[in-house]
Amino acid sequence: MARYAGHVQAVTTEWEGVRRGVTATAACSISDSPATVLACLNADNAKNEIFEKSGRFVLNTLAVHHQSLARALAGFENLPNDQRFALGDWMALTTGAPVLSDALAAFDCRLVEVRRIATHFVMIGTVVGLHLGPPNPPLIYLDRAFHSL
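So, a few notes on the structure that sits alongside this text. (Residues numbered from 1 in each chain as written. Predicted model: local features only at pLDDT ≥ 70, side-chain atom pairs only at ≥ 80, totals over all residues. Heavy atoms only, no water.)

### A look at the overall build of the protein
Then step 1. The number of helices and strands found in the protein is three helices and 12 strands.
Then step 2. Relative to a compact globule of 149 residues, whose C-alpha radius of gyration would be 15 Å, the protein shows 14 Å and is just as compact.
Then step 3. Taken along the three principal axes of its C-alpha coordinates, the protein extends 35 × 35 × 30 Å.
Then step 4. Within the protein, the proportion of its 149 residues that are buried is 44%.
Then step 5. A separation threshold of at least 6 residues defines the contact pool for the protein, and within that pool the share at least 24 residues apart is 64%.
Then step 6. A total accessible area of about 7700 Å² is found for the protein, and carbon and sulfur atoms account for 54% of it.
Then step 7. Here the protein contributes 12 positive and 13 negative side-chain charges, whose respective centroids are spaced 5 Å apart. (Helix = DSSP H or I, 4+ residues; strand = E, 2+ residues; numbered from the N terminus. Rg over C-alpha atoms; globule rule 2.2 N^0.38 Å. Buried < 20%, exposed > 50% of the residue type's maximum accessible area, 1.4 Å probe, protein only. Contact = heavy atoms within 4.5 Å. Areas by Shrake-Rupley, 256 points an atom, 1.4 Å probe, with all protein chains shown as cover. Lys, Arg positive; Asp, Glu negative; His and termini not counted. Charge placed at Lys NZ, Arg CZ, Asp CG, Glu CD.)

Following this line, the structure appears as structure tokens:
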């Protein structure tokens, strides 16, 4: 799977004042009518249960200048949660989940279904808000390293 190039997303949510952000490459569009996306997260990480509890998530498409944020949300730096989120400028749209203000695109979603498949759970969400940040080169993950197009 290391040879499978993927666009890098910061998948975020908030529930009862607690924010959670995870770096992911397994995310895509499912439908445009209604606008629906999916994201896959590690089901073995108990901290990811917050996504189902909150019933909302944002897919924040990262640009090459977000590499520090991507590393932090992936847990590479072992930073406390508040320091991870301090690496970005955040706002809220429709659901109240954290939206990265300079993401290439941010899809604010209401969770409609969760399915566990092997080690991961697949979250399916209806897009209820959209934010387009400034155009920048995208962040790509390939061969266990970050790259740009």
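### Considering the side chain of Glu-14
Then step 1. Relative to the helices and strands, Glu-14 is located in strand S2 (residues 9-15).
Then step 2. For Glu-14, the side chain forms a polar contact with the main-chain nitrogen of Gly-17, separated by 2.5 Å.
Then step 3. Looking at Glu-14, its side chain comes within polar contact range of the side chain of Arg-56, at 2.4 Å.
Then step 4. The residues touching Glu-14, leaving out its near neighbours within four places in the chain, are Arg-19, Ser-54, Arg-56, Gly-96 and Pro-98. (Polar contact = N/O pair within 3.5 Å; in protein donor to acceptor, adjacent residues only side chain to side chain.)

### Description of the sheet that holds strand S4 (residues 27-32)
Then step 1. Ordered in space as S3-S2-S6-S9-S10-S5-S4, the seven strands form an open sheet in which the pairing is antiparallel. Two strands in the sheet have a free side with no partner beyond their single neighbour: strand S3 (18-24) and S4. Between one strand axis and the next, the sheet turns through 30° on average, direction left out of account. (Pairing = 2+ DSSP bridges. Axes fitted to C-alpha atoms, helices over the stretch in contact; angles between N-to-C directions.)

### Quick notes on the packing of aromatic side chains
Then step 1. In this structure the tally under the stated criterion is two aromatic pairs.
Then step 2. Ring geometry for Phe-85 versus Trp-90: centroids 5.0 Å apart, planes at 55°, classification tilted.
Then step 3. The exposure class of Phe-85 is buried, given its relative accessible area of 2%. (Phe/Tyr/Trp six-rings, centres within 6.5 Å; stacked < 30°, edge-to-face > 60°.)

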